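Coordinates in review
The chain contents come next:
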Amino acid sequence: QKEVEQNSGPLSVPEGAIASLNCTYSDRVSQSFFWYRQYSGKSPELIMSIYSNGDKEDGRFTAQLNKASQYVSLLIRDSQPSDSATYLCAVYSSASKIIFGSGTRLSIRP
Amino acid sequence: ETGVTQSPTHLIKTRGQQVTLRCSSQSGHNTVSWYQQALGQGPQFIFQYYREEENGRGNFPPRFSGLQFPNYSSELNVNALELDDSALYLCASSRDGAMNTEAFFGQGTRLTVV
């Protein structure tokens, strides 16, 4: 089992709709969770961090965390073409390192 | 802009050669982590340096080594390059190596081994 799992996609969402990205992790003691956005050929950019169960909102982005289910998600409201990118879920593991999933490719169609 | 800078941005090396990649951390950050990202994959953790000491290592062979300097900048050295070492190498800067810290990436170094 991979430490951090994501559906590779591509996930295609119409412009203006809600994009929902999901991630599961295996290390039960993980406490910190991050979402990064990566455009093709560029480095990952941190867009959200979440540490407690529940929802955390920042503009059009909402991160959701459920530690009991070992599940973290990212919702993007009012999706824009500029949101088309690969979204990486990352988890701070008990081994003092941030582990990344393989990413979900998101495509926003006009 | 994250304030994390890497050099060089692109590099072409021959199999068997050695390479050194450099990273300057963001102001106020004392932790640097290095990642290797192959095409279509997520970043893979190589190692982390915290206050000039190695503070965790991923599943990479010893020919991958590193260093952190008193100003918290860092180097990644790879010896005996192999074709599979071709990848985007990323460094991430963070504060204190703590659990609730956020890590910010430099622009990466694209290494091609031929």
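Let me sum up the structure you'll find in this document. (Residues numbered from 1 in each chain as written. Chains lettered and ligands numbered in written order. Predicted model: local features only at pLDDT ≥ 70, side-chain atom pairs only at ≥ 80, totals over all residues. Heavy atoms only, no water.)

Side note on the overall build of chain A
For clarity, the threshold we go by: The secondary structure listing takes helices from DSSP runs of H or I that are at least 4 residues long and strands from runs of E that are at least 2 residues long, numbered from the N terminus. Under the scheme applied here, a residue whose accessible area is under 20% of the maximum for its type counts as buried, over 50% as exposed, and between as partly exposed, the area being computed with a 1.4 Å probe on protein chains only. Any two residues whose heavy atoms approach within 4.5 Å at even a single point are treated as in contact. Under the convention used here, a 1.4 Å probe and the Shrake-Rupley method define accessible areas, while residue burial counts only the protein chains that appear. By the counting rule applied here, Lys and Arg register as positive and Asp and Glu as negative, while His and the ends of each chain are not counted. In this description, the location of a charge corresponds to atom NZ of lysine, CZ of arginine, CG of aspartate or CD of glutamate.
Within chain A, the secondary structure is distributed over zero helices and eleven strands. For chain A, the succession of helices and strands along the chain, N to C, is β-β-β-β-β-β-β-β-β-β-β. In terms of overall dimensions, chain A has C-alpha extents of about 40 × 30 × 20 Å along its principal axes. Looking at chain A as a whole, 47% of its 110 residues qualify as buried. For chain A, the share of sequence-separated contacts (at least 6 apart) that also reach a separation of at least 24 residues comes to 52%. Approximately 5,100 Å² of chain A is accessible, and the part contributed by carbon and sulfur atoms is 46%. Averaging the locations of the 11 positively and 10 negatively charged side chains of chain A gives two centres separated by 4 Å.

Digging into the state of the cysteines
Just so we agree on the cut-off: Disulfides are defined as cysteine sulfur pairs within 2.5 Å.
Evaluation of the coordinates by the stated rule reveals two disulfides over all chains. Residue pairing for C23(A): its cysteine sulfur links by disulfide to C89(A), the two sulfurs lying 2.1 Å apart. Taking the torsion about the sulfur-sulfur bond, which here is approximately -70°, the covalent link between C23(A) and C89(A) counts as left-handed. Of this pair, C23(A) sits in strand 3 (residues 19-25) while C89(A) sits in strand 9 (residues 85-92), and the two are 66 residues apart along the sequence. Judged by relative accessible area, C89(A) falls into the buried class, the value being 0%. Bridging C23(B) to C91(B), the disulfide has an S-S length of 1.9 Å. With the S-S bond torsion at 65°, the cross-link from C23(B) to C91(B) turns out right-handed. One end of the pair, C23(B), is in strand 3 (residues 19-24); the other, C91(B), is in strand 9 (residues 87-94), and 68 residues separate them in sequence. Classification of C23(B) by relative accessible area gives buried; the value is 1%.

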